Amino acid sequence: MKYILSIILNVFVLFSFAQSGSLKGKITDKLTNEPVPFANIVVLGTKIGTTSDLDGNFKITGLKPGYIKLKVYFIGYKPATSEDVLISNNNVPYVEIKMEQTAQQLDEVVITVDPFEKNEESIVSMQSIGIKEIESNPGSNRDISRVIQSFPGVGSTPAFRNDVIIRGGGPSENRFFLDGVEIPVLNHFSTQGASGGPVGIINADFIRNVDFYSSAFPANKYNALSGMLDFKLKDGSKDKTNLQFTLGASETALTLDGPIGEKTSYIFSVRRSYLQFLFSAIGLPFLPTYNDYQFKVKTNIDNKNTFTLISLGSLDQNRLNTGIENPDESQEYILSQIPVNDQWSYTIGGVYKHFMINGSQSFVLSRNMLNNQLYKYPDNDETQAKSLDYRSTEAENKFRYELSFKKFDIKYSFSGNLEYADYTNQTSQQVFLNDSLINFKYNTDLNVFKYGLSGQASKRFLSSRLLVSLGIRFDGNDYNSNTSNPLSQSSPRLSASYTLTEKTAINAGVGRYFQQAAYTTLGFRNNMGELVNSSSAKYIGLNQYNLGVEHKFTRKILLSVEGFYKDYFQYPIDLITGASLANQGAGYSVAGASSVEFTGHGKAYGFEILNRWNLKTFKLLASYTFVRSLFTDINGDYLPSSWDSRHLLTITGTKELPENWRVGFKWRFVGGLPYTPYNLEKSANVSAWNAAGKPYEDYSQLNSLRFEPFHQLDLRIDKNFFFDKWALMLYLDIQNAYNFKNTGQDFIVREKNPDGSYKTVNNGTEYVLKAVPNQSGTVLPTIGVMIKF
């Protein structure tokens with residue numbers, strides 16, 4: 001077998017050697033979309049280049065297959081750099097590069113590259129992530145939610161989930177945009193009321209680059225407290241139809257892209273998982289199946305008008321593997337508590353953009369919907385009444401207008417948005433409360449009308465050494481009198497960057513941000529059908545402060561240090577448990593569905609250190625974050641939140657080798673997270689256990705215990721083959737390479753009698769419970785195959 005594989009590999013190398021590729025593109029003015037003729041375009045690291053024609057178009061041939069970047073320069077414009085572009089022999093990618101005018105005239109043109117250049121509206125706490133980083137990030141399986149765990153301030157957990165935890169904030173505090181269209185659901189099997197889940201929905205084949213904000217969001221981005229991911233998508237090929245087949249770690253995917261006439265291009269994909277077969281074969285107690293689709297159609301009507309249509313959706317099913325013979329105690333624990341879950345979602349949106357003499361206007365119309373169903377039978381016995389029957393939908397119809405222009409060297413941005421939301425919920429659940437079993441049942445049909453306005457201005461001073469951006473937002477909705485006045489949710493923000501020397505800069509930012517409470521909270525009713533939070537609900541608020549310094553040793557090596565302080569107010573506190581809802585969002589059920597009061601406070605503070613190398617054949621991203629995250633309970637006492645990891649350290653490196661080989665590693669260390677011990681007395685009650693199928697936490701000791709730290713090494717090897725008519729891309733990804741064993745909270749299970757029935761005491765009113773050690777972690781190798789025609 002070793003010799004056969006060696007022969008096959010050598011044949012691939014022989015036939016893929018010394019091929020060449022090409023690309024096409026267009027250079028345009030960033031503000032007006034007018035073509036920039038006679039611009040000079042160079043492939044970085046080579047002497048290959050060309051010049052744009054009168055219409056701004058260009059073509060470069062004779063390129064070696066692999067990832068490249070283009071550098072563009074022209075008198076009167078700032079030098080511009082493209083994102084990573086994959087060159088192959090069978091495809092001609094199309095690249096649009098925007099150039100920004102400058103008042104400075106160049107006496108001598110010098111080609112330089114600054115991969116860490118700032119966006120005028122996002123001066124601090126923003127990182128740009130290219131597709132090459134996403135594709136090659138070890139342990140991430142091309143999933144952006146896992147890729148950003150390499151960046152400072154981003155926490156993670158040992159669990160197999162994609163919760164986005166930024167600077168001590170919970171996974172419900174983030175928002176996501178796809179070419180200007182908001183996508184509320186980022187993951188399969190999404191936690192309703194938050195954003196997490198085990199697998200991302202977005203197909204990496206679509207991504208051009210991602211802007212990741214950990215604070216200081218532009219004013220036109222809204223309804224977020226901790227983080228923002230702004231995805232920029234590829235356009236389909238304008239040359240010919242291309243096909244790509246991918247066999248990944250958990251799914252298969254098919255992607256098509258190509259032209260539709262002279263002015264329109266498309267890209268479309270479908271994916272389906274095969275996890276249910278693998279999980280069944282190895283005896284896991286749950287069997288997930290997920291499917292998704294995604295497409296983008298873009299039409300360049302003319303130089304002044306474009307229209308883009310975007311959509312993505314998912315269909316997820318999670319079944320229980322009740323056919324396991326003689327399940328062990330850990331399998332029994334999982335089977336007893338996980339519900340059956342059916343979930344689907346979609347987002348569809350159109351973006352019309354009109355360019356003017358000195359700016360542009362955008363009109364965004366979109367709709368998104370989530371349908372979530374959960375049910376559970378006690379002990380999975382379908383002859384009994386359901387202990388949980390949950391059916392809910394969230395639908396939003398959105399319109400947003402944006403205007404941006406430049407006047408007197410000041411860049412202005414204004415936006416307005418209107419939204420109409422419909423939330424429904426039919427819940428029937430057995431709840432053990434105040435030492436009695438309650439059949440909790442309610443129906444909700446809630447409509448909410450939302451509105452917002454924003455403005456932002458950015459300008460450079462002191463010979464462009466000082467960059468200042470000032471913005472403000474106003475948001476409101478018609479839920480109640482607390483939320484209806486936009487002035488009550490006014491959110492000013494100010495950020496600045498001052499260049500001390502050519503290599504060193506100081507960055508600072510201060511801002512206030514607001515986020516609407518989850519629909520699961522706003523629509524929660526009691527057994528009498530009353531909206532119990534209707535009078536007390538408010539927007540959740542945050543004041544955030546940032547101060548940092550960055551130094552560029554060279555234009556490709558950056559070191560930065562940034563401190564932050566987050567001051568939360570009006571955070572909802574669960575009136576039953578007494579805990580802040582900030583601790584929720586990492587489970588597989590629903591977050592925020594409870595009676596609350598909006599009196600909670602929180603604080604998250606710390607500092608981040610980032611060292612980033614973007615060399616020609618070597619990339620390194622090393623980040624360390626110290627963070628504390630504390631929120632008040634119902635008594636007003638500050639307690640560690642579920643995200644209070646304290647220490648986060650991640651080191652990620654990739655090395656390009658000859659013949660299109662690439663190797664990489666990622667090592668991450670996460671400080672031990674707090675957790676709440678179980679209330680074993682309550683859990684042993686037969687009625688209480690049967691209602692929940694799991695032990696109850698003792699909220700009088702909220703997050704009083706702490707896990708041991710978690711650390712893991714992931715490795716990855718990539719090899720690409722480029723042929724005349726097709727390309728083959730292979731990778732081997734090894735997660736947890738040194739087999740670290742993570743210790744979690746003990747499984748609590750019921751002891752059994754010899755006949756298989758559960759042991760009870762006190763006249764059959766209490767189960768006999770037993771603690772089972774909970775260790776997880778194994779070496780997980782996966783092989784990925786991508787074939788492009």
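For the structure itself, consult the block above.
This is a predicted model, so every value here is computed, not measured.

About the cut-offs
- Residues numbered from 1 in each chain as written.
- Predicted model: local features only at pLDDT ≥ 70, side-chain atom pairs only at ≥ 80, totals over all residues.
- Heavy atoms only, no water.
- Helix = DSSP H or I, 4+ residues; strand = E, 2+ residues; numbered from the N terminus.
- Rg over C-alpha atoms; globule rule 2.2 N^0.38 Å.
- Buried < 20%, exposed > 50% of the residue type's maximum accessible area, 1.4 Å probe, protein only.
- Contact = heavy atoms within 4.5 Å.
- Areas by Shrake-Rupley, 256 points an atom, 1.4 Å probe, with all protein chains shown as cover.
- Lys, Arg positive; Asp, Glu negative; His and termini not counted.
- Charge placed at Lys NZ, Arg CZ, Asp CG, Glu CD.
- Polar contact = N/O pair within 3.5 Å; in protein donor to acceptor, adjacent residues only side chain to side chain.
- Salt bridge = Lys/Arg side-chain N within 4 Å of Asp/Glu carboxyl O.
- Arc of directions from axis to C-beta.
- Pairing = 2+ DSSP bridges.

**Some words on the overall build of the protein chain**
Next up, step 1: Counting its secondary structure elements, the protein chain contains nine helices and 47 strands.
Next up, step 2: In summary, the protein chain has a C-alpha radius of gyration of 27 Å against a globular reference of 28 Å for 789 residues, a match within 12%.
Next up, step 3: In terms of overall dimensions, the protein chain has C-alpha extents of about 90 × 70 × 45 Å along its principal axes.
Next up, step 4: In the protein chain, which comprises 789 residues, the share counted as buried stands at 55%.
Next up, step 5: Summarising the internal contacts of the protein chain: among those between residues at least 6 apart in sequence, 66% fall at separations of at least 24.
Next up, step 6: Per element, the accessible surface of the protein chain, about 32,700 Å² overall, is 57% carbon and sulfur.
Next up, step 7: Averaging the positions of the 78 positive and the 76 negative side-chain charges in the protein chain gives two centres separated by 7 Å.

**Side note on the side chain of Arg 271**
Next up, step 1: By secondary structure assignment, the location of Arg 271 is in strand 21 (residues 264-273).
Next up, step 2: From its side chain, Arg 271 meets the backbone oxygen of Gly 200 in a polar contact 3.0 Å long.
Next up, step 3: Contact partners of Arg 271, with chain neighbours within four places excluded, come to His 188, Gly 200, Ile 201, Ile 202, Asn 203, Glu 251, Thr 252, Ala 253, Tyr 290, Asn 291 and Asp 292.

**Some thoughts on the pattern of salt bridges**
Next up, step 1: Counted according to the given criterion, the structure contains 41 salt bridges.
Next up, step 2: Of the charged contacts in the structure, one is a salt bridge between Asp 718 and Arg 662, with a shortest N-O distance of 3.6 Å. Of this pair, Asp 718 sits in strand 41 (residues 710-722) while Arg 662 sits in strand 38 (residues 661-670), and the two are 56 residues apart along the sequence.
Next up, step 3: Taken together, the shared-partner salt bridges in this structure form one network comprising Arg 175, Glu 182, Glu 396, Lys 398, Glu 419 and Lys 450.

**A closer look at helix 4 (residues 275-282)**
Next up, step 1: Those residues of helix 4 lying buried are Leu 275, Gln 276 and Phe 279. Seen end-on, helix 4 carries its buried residues on one side only, within an arc spanning 95 degrees. Projecting away from the buried face of helix 4 at angles above 90 degrees are the exposed residues Phe 277 and Ala 281.
Next up, step 2: Where helix 4 is buried, its residues contact strand 21 and strand 22 (286-302).
Next up, step 3: Immediately downstream of helix 4, the backbone of Gly 283 shows phi near 85 degrees, a positive value.

**Section: unusual backbone geometry**
Next up, step 1: The phi dihedral of Asn 326 is positive, around 50 degrees, even though this residue is not glycine.
Next up, step 2: Secondary-structure assignment places Asn 326 in the loop between strand 23 (305-320) and helix 5 (329-337).
Next up, step 3: For Asn 326, a relative accessible area of 76% puts it in the exposed group.
Next up, step 4: Despite not being glycine, Asn 380 has its phi angle at roughly 60 degrees, a positive value.
Next up, step 5: Assignment of secondary structure puts Asn 380 in the loop between strand 25 (359-376) and strand 26 (388-407).

**Quick notes on the sheet that holds strand 10 (residues 126-130)**
Next up, step 1: If you trace the five strands from one edge of the open sheet to the other, you get 10-17-18-13-14, paired in mixed fashion. Sheet topology places strand 10 and strand 14 (181-182) at the edges, where each strand pairs with a single neighbour.
Next up, step 2: Here five bridges tie strand 13 (residues 174-178) to strand 18 (residues 227-233), and the two strands are oriented parallel to one another. From the neighbouring strand, Phe 177 faces strand 18, where its bridge partner is Asp 230.

**Details of the pairing of strand 30 (residues 490-499)**
Next up, step 1: Sheet topology places strand 29 (residues 466-477) next to strand 30; nine bridges connect them, and they run antiparallel. Counterpart to Ile 472 in the pairing with strand 30 is Pro 492.
Next up, step 2: Examined bridge by bridge, strand 30 and strand 31 (residues 504-515) share seven bridges and lie antiparallel to one another. If you follow Thr 499 over to strand 31, its bridge partner there is Ala 505.

**Some points on helix 5**
Next up, step 1: Buried within helix 5 are the following residues: Gln 331, Glu 332, Tyr 333, Leu 335 and Ser 336.
Next up, step 2: Buried residues along helix 5 sit in contact with strand 23, strand 25, helix 9 (686-692) and strand 43 (742-750).

As far as function goes, none of this settles anything; it's purely spatial.
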